[in-house]
Amino acid sequence: MTKGYKMPEGFLWGGATAAHQVEGGWQEGGKGLSIADVMRAGSKDVKRVEDPAVLDGQIYPNHWGVEFYSHYKEDIKLFAEMGFSCFRLSIAWTRIFPNGDEATPNEEGLAFYDDVFDTCLANGIQPIVTLSHFEIPLKLVQEYGGFRNRQVVDFFTKFAEVCFRRYHDKVKYWMTFNEINNQTNWHDPHPLLQNSGLILEDGENWEEAMFQAAHLELVASAQAVQIAHAIDPTLQVGDMIAMSPIYPLTAKPQDVMMAERAMRYRYYFGDVHALGEYPAWLLNYWAKRDIHVDVTEADEAILKAGAVDYVGFSYYNSGAVEYKADNPDMVYDESNSQVPNPYVPRSDWGWQIDPVGLRYAMNWMQARWNKPMFIVENGFGAYDTVEADGSVHDDYRIKYLSDHIEQMEKAVVEDGCQLIGYTPWSAIDIVSASTGEMKKRYGLIFVDADDAGQGSFKRSRKDSFYWYQNVIKTNGAEL
Ligand code: BG6
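By convention here, each chain's residues receive numbers from 1 onward along its written sequence. Where totals are concerned, whole chains, interfaces and linings use all residues; where local detail is concerned, this predicted model gives features only for residues with pLDDT of at least 70, and gives and counts side-chain atom pairs only at 80 or more. The side-chain values count all of the structure's non-hydrogen atoms but skip hydrogen atoms and water molecules.

Bringing the sheet that holds strand β3 (residues 126–132) into the picture now. Taken in spatial order, the eight strands of this closed barrel run β1-β2-β3-β4-β5-β7-β9-β10, and their pairing is parallel. Here the average twist between neighbouring strands, direction ignored, is 30°. Pairing of strand β2 (residues 86–90) with β3, which is carried by five bridges, proceeds in the parallel orientation. Within β3, the residue paired with Phe87 across the bridge is Pro127. We call two residues in contact whenever any of their non-hydrogen atoms come within 4.5 Å of each other. In this analysis an axis means a line fitted to C-alpha atoms, helices contributing only their contacting stretch, and an angle means the value between N-to-C directions, from 0 to 180 degrees. In DSSP terms, a helix is any run of H or I states spanning at least four residues, a strand is any run of E spanning at least two, and both are numbered starting from the N terminus. Relative to β3, helix α4 (residues 107–122) is tilted by about 150°, and along the sheet it contacts β2 and β3. Where helix α6 (residues 150–167) meets the sheet, its contacts fall on β3 and β4 (173–177), and the angle it forms with β3 comes to roughly 165°. Here, any two strands with at least 2 DSSP bridges between them count as paired.

Rendered as structure tokens:
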């Protein structure tokens, strides 16, 4: 056992999930089709592809997730047993607006989340809610072009307003778009599995399309912040940034400059969310690369008035870059610029494991944005083995979480970072977002289901369950 620091009184400990990765019930309760419903299964080596035809015989793991839709009462009880004081989840947009463009919301979907939130509250757990966690109604992608279309901003803000009005007595902390900045690598792996719902047209400049869609999402998010505050001034609305700090590979000044350029490219989303305006470097970058983004004066006013209340972020790993002579302008390309860091180990899926990077990133964000922060994802995707007696000895997961919590606590206690809470990924096993696998397990609770959705879906407690229970009980003092 490692000795940690006690966290401040009222610190929120919990766990996280996302609707499409756990709920299943993809056609229950009047739910419509979301982009997650048309993502086929992939694997470590085979990328997921979208298949809107929903062909028979293909595997769509998000259709069943881990059947949280029918198991949530049991799951929330297990969360309470671990001692959670909060639980991060997302609302499936298509349960509320099945196609996204309806005039009125779907009452059955609203009632479902009422019951989920009530169950949490009855168990002493405060729900923390993301509005769009890699989800958008499929119709808004196919017929409206996703966030390349300003009408979709109105559909999103209407969805947000319906949720704030309905749940403001039950949910205090909200986030708008999960990992909004992950679309900087959007042109490569899995285009649909992003909140922006962009599909590239032939010959289109992907970067311009990405910046335009991201702009409209930033505007939609800032509007949502203002709507929430108008409905209930006690609501706290955050952004959600995928934080993976990018180091210079060496102290060579060109490497350091390259890393700085990579960081500002990846985290300008956070600048706009927190500071309410575009950084000057980006306007210059657009001009130099002949990128045209439609930013109106009205948009600028909305961004300014809709700065987020806190910074929600995920942290899994760090990255590194080096200067390359064939890229003298140091243009950062998310999919190709990164190089392995020889100082950190990697998971079975190749993710670099770097606990100190969490402390570094927290200090970086605190200095840059000066907002309270919330770690809403941090975890280790790994193969788990179930023993004959049903136990799962996931000491690798315990080590990962323990090492990261230790650094998180140092960032708070030693460095003075402001942190609201910590919700590791994931509270319970989920379907992996990038690969669609079940066997890339993250949960503190094991779910008996395989990659094809076969199994009893029975829940059981992993060793990490009991370990985390004690972390919460000691408020972080025993890791
Ligand atoms: C984050 C996402 O990117 O990382 C989660 O917000 C996701 O939805 C998590 O599950 C881990 O990534 P993956 O691809 O291993 O599931």
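Attention now goes to helix α9 (residues 280–288). A simple rule labels every residue: compare its accessible area, found with a 1.4 Å probe on the protein chains alone, to the largest value its type can have, and call it buried under 20%, exposed over 50%, or partly exposed in between. Within the sequence span of α9, burial applies to Trp281, Leu282, Tyr285 and Trp286. The buried residues of α9 occupy an angular sector of 135° when projected down its axis, which confines them to one face. Of the residues in α9, the exposed ones pointing more than 90 degrees away from the buried face are Ala280, Ala287 and Lys288. Elements in contact with the buried residues of α9: α7 (206–231) and α8 (253–275). Phi turns positive one or two residues past the end of α9, at Asp290, with a value near 55°. The arc in question is traced by the directions running from the helix axis to the C-beta atoms.

Turning our eyes to something else, we now look at the environment of Ala433. Take Ala433: it is sitting in the loop between β10 (419–422) and β11 (445–447). C-alpha of Ala433 to C-alpha of Gln21: the two residues are 412 residues apart in sequence and 7.1 Å apart in space.

With that out of the way, let us pick up the site of the ligand. When at least one non-hydrogen atom of a residue lies within 4 Å of a molecule or strand, that residue is treated as near it. In the vicinity of the ligand lie 14 residues, with Gln21, Glu179, Ser434, Lys440 and Tyr442 positioned nearest. Asn178 places a polar side-chain atom, nitrogen or oxygen, 2.9 Å from an oxygen atom of the ligand. Between the ligand and Glu179 there is a distance of 2.5 Å, counted from an oxygen atom to a side-chain nitrogen or oxygen. The residue inventory of the shell around the ligand, partitioned by class, reads six nonpolar, five polar and three charged. Between N or O atoms, a polar contact is any pair within 3.5 Å; within protein, one atom must be a potential hydrogen donor and the other a potential acceptor, and residues adjacent in sequence are included only when both atoms are from side chains. Residues are grouped as follows: Ala, Val, Leu, Ile, Met, Phe, Trp, Tyr, Cys and Pro are nonpolar; Asp, Glu, Lys and Arg are charged; every other residue, Gly included, is polar.

As a further point, take the pattern of salt bridges. Should a side-chain nitrogen of Lys or Arg be within 4 Å of a carboxyl oxygen of Asp or Glu, the pair is scored as a salt bridge. Within the structure shown, the criterion is met by 29 salt bridges. Close ionic contact of Arg150 with Asp299 constitutes a salt bridge, the shortest N to O distance being 2.8 Å. Residue Arg150 is located in helix α6, and its partner Asp299 is located in helix α10 (residues 297–305); the two are separated by 149 residues in the primary sequence. Arg150 sits in the partly exposed class, given a relative accessible area of 32%. Measuring nitrogen to oxygen at the nearest pair gives 2.5 Å for the salt bridge that ties Asp451 to Lys439. Placement of the pair is Asp451 in the loop between β11 and β12 (459–461) and Lys439 in the loop between β10 and β11, with a sequence separation of 12 residues.

This next bit is on the side chain of Asn341. Along the chain, Asn341 turns up in the loop between β8 (319–321) and α11 (355–369). What Asn341 contacts, discounting residues up to four positions off in sequence, is Tyr247, Ala320 and Gln352.

Relative to each other, helix α2 (residues 68–82) and helix α13 (residues 463–473) sit at 55°, their axes nearing to 8 Å. As judged from the angle between their axes, α2 and α13 are oblique. Across the interface between the two elements, Leu78, Glu81 and Met82 of α2 pack against Phe465, Tyr468, Gln469 and Ile472 of α13. Of the residues assigned to the contact of α2 with α13, the class counts are five nonpolar, one polar and one charged. To sort the angles, those under 35 degrees are grouped as roughly parallel, those over 145 as roughly antiparallel, those from 65 to 115 as roughly perpendicular, and the leftovers as oblique.

The next subject is the nonpolar core. Looking at soluble globular proteins, one finds that nonpolar side chains tend to be buried together. Judged by nonpolar contacts, the single largest core of 142 residues is most densely connected at Trp174, Met362, Met408 and Tyr468. Those residues within four positions of Trp174 in sequence are excluded, and the remaining contacts are Ile91, Val129, Leu131, Cys163, Phe164, Tyr167, Leu235, Gln236, Val237, Gly238 and Tyr310. Membership of the second largest hydrophobic core comes to 10 residues, among which are Cys86, Met240, Phe374 and Val376. Take the buried residues of types Ala, Val, Leu, Ile, Met, Phe, Trp, Tyr and Cys, join any two whose side-chain atoms come within 4.5 Å, and each joined set is a nonpolar core.

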